[in-house]
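These are the residues of each chain, in order.
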Amino acid sequence: SANFKSVPNPHFSKKADNKQPKWIRFHTGYHDYLKEERWFADARGIKYNSIKKKLIEVFKTHKDYELFATGHSLGGALSTIFSFFITSEDDSVNIPKTVTLISFACPLAVGDSEWQKAFQYLEKDGIVRHLRVQVVGDPVPMVTSHPPFSLRQFKWTGINMKLYDDNTPPELKHSYHMDTRTGDLRDYNIEFHQLHTHFKRLDQVEADLKGRQLTDLYQDREILGDFYAFE
């Protein structure tokens, strides 16, 4: 089973209108890979600090730039955690108001329900926009219908886009409504986890996606349901 790590929520404040949870829990391995000094760290030190330092340099001279974060598999988990933390930095980092996150084949096991709640407040406030791209048949973003108890506690974030293999239009639905206990892993194939499979299926539905912006998806009530009503 996966291990949790409880950490202070950097978006929490004592202001009366702040509803962010005080503590959140992450998958220990993913969190520490990005945020802690580990034995495998290179000369650049903590990975998060190294990336933040580069961003500070970039945004000092390019104030009109936008920030996009992306990754595949482990990279999807890390880019999700990164987007959460980088948007908590003070004005000295000068991060644009909206960070766009696009993850491919992101594992389920990133954080718990409190982490999901904290992330969703950022979505509601337009601070982060997350498109979670998933190929149907990929086992990595999924959990068996009877997962270990610890895995049941992990939650997805963002708008989930399911890609099929028969030119079926992509299925778009906010993860707020999704059940992470989704089926029997015998129905899945690790080949569908490969990034080239994601690109192939995106090519198949190019006409369905052309002209659609992520900001528009976050205004689509059919996709969101009652997401903006959650507390």
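For the structure itself, look to the data block above.
Residues numbered from 1 in each chain as written. Predicted model: local features only at pLDDT ≥ 70, side-chain atom pairs only at ≥ 80, totals over all residues. Heavy atoms only, no water.

Digging into the overall build of the chain
In plain terms, the rule: Helix and strand assignments come from DSSP, with helices taken as H or I runs of at least 4 residues and strands as E runs of at least 2, each series counted from the N terminus. We call two residues in contact whenever any of their non-hydrogen atoms come within 4.5 Å of each other.
Summing up its helical and strand segments, the chain has nine helices and nine strands in all. When contacts within the chain are restricted to residue pairs at least 6 apart in sequence, long-range pairs at least 24 apart make up 76% of them.

Here we look at the nonpolar core
For clarity, the cut-off: The definition of a nonpolar core used throughout is a set of buried Ala, Val, Leu, Ile, Met, Phe, Trp, Tyr and Cys residues joined through side-chain atoms within 4.5 Å. Exposure is judged per residue with a 1.4 Å probe applied to protein chains only, and the accessible area is read against the type maximum: over 50% gives exposed, under 20% gives buried, and values in between give partly exposed.
F26, F84, I86 and I95 are the most contacted members of the largest nonpolar core, which totals 29 residues. Where this core is concerned, the elements lending two or more residues are β2 (23-27), α1 (28-35), α2 (47-61), β3 (67-72), α3 (74-86), β4 (99-104) and α4 (113-124). Ranked by residues supplied to this core, first place goes to α3 with seven residues. If near-sequence neighbours (up to four positions away) are discounted, I95 is found in contact with L55, F59, L67 and I86. Among the nonpolar cores identified, the runner-up in size contains 16 residues, and V135, L163, L202 and Y218 belong to it.

Side note on helix α6 (residues 195-204)
Here is the rule we go by: Throughout, the arc means the angular range of directions from the helix axis out to the C-beta atoms.
The set of residues buried in α6 consists of T197, H198, R201 and L202. One side of α6 carries all its buried residues, which in axial view fall inside an arc of 135 degrees. Tucked inside the fold, the buried residues of α6 contact β3, β4, β5 (128-135), β7 (159-163) and α7 (206-209).

Some details on the sheet that holds β4
Backbone-to-backbone hydrogen bonds join strands into a sheet, with any given pair of strands oriented parallel or antiparallel. We apply this condition: Being paired, for any two strands, means DSSP has found at least two bridges between them. Orientation is described by axes fitted as lines to C-alpha atoms, over the contacting stretch for helices, and by angles from 0 to 180 degrees between their N-to-C directions.
Read across the sheet, five strands follow the order β3-β4-β5-β7-β8 without closing on themselves; strand pairing throughout is mixed. Strands at the two margins of the open sheet, each flanked by one partner only, are β3 and β8 (171-174). Strand-to-strand, the axes of this sheet are offset by a mean angle of 15 degrees, without reference to chain direction. Sheet analysis places β3 next to β4, joined by six bridges and oriented parallel. Within β4, the position partnered with T70 by the bridge is I102.

Some details on α4
The line we're drawing: To estimate how far a helix should reach, multiply one less than its number of residues by 1.5 Å. Pairs of N or O atoms within 3.5 Å make up the polar contacts considered here, provided that, within protein, one atom can donate a hydrogen while the other can accept it, and that residues adjacent in sequence are counted only when both atoms are side-chain atoms.
Look at α4: 16 Å from first C-alpha to last across 12 residues, which is about the 16 Å you get at 1.5 Å a residue. Within the sequence span of α4, burial applies to W115, Q116, A118, F119, Q120, Y121, L122 and E123. In this structure, the buried residues of α4 make contact with β2, α3, β4, β5, β7 and β8. The opening residue of α4 is D112, an N-cap whose side-chain oxygen sits 3.2 Å from the backbone nitrogen of E114. Of the residues one or two after α4, G126 is the one with positive phi, at around 75 degrees.

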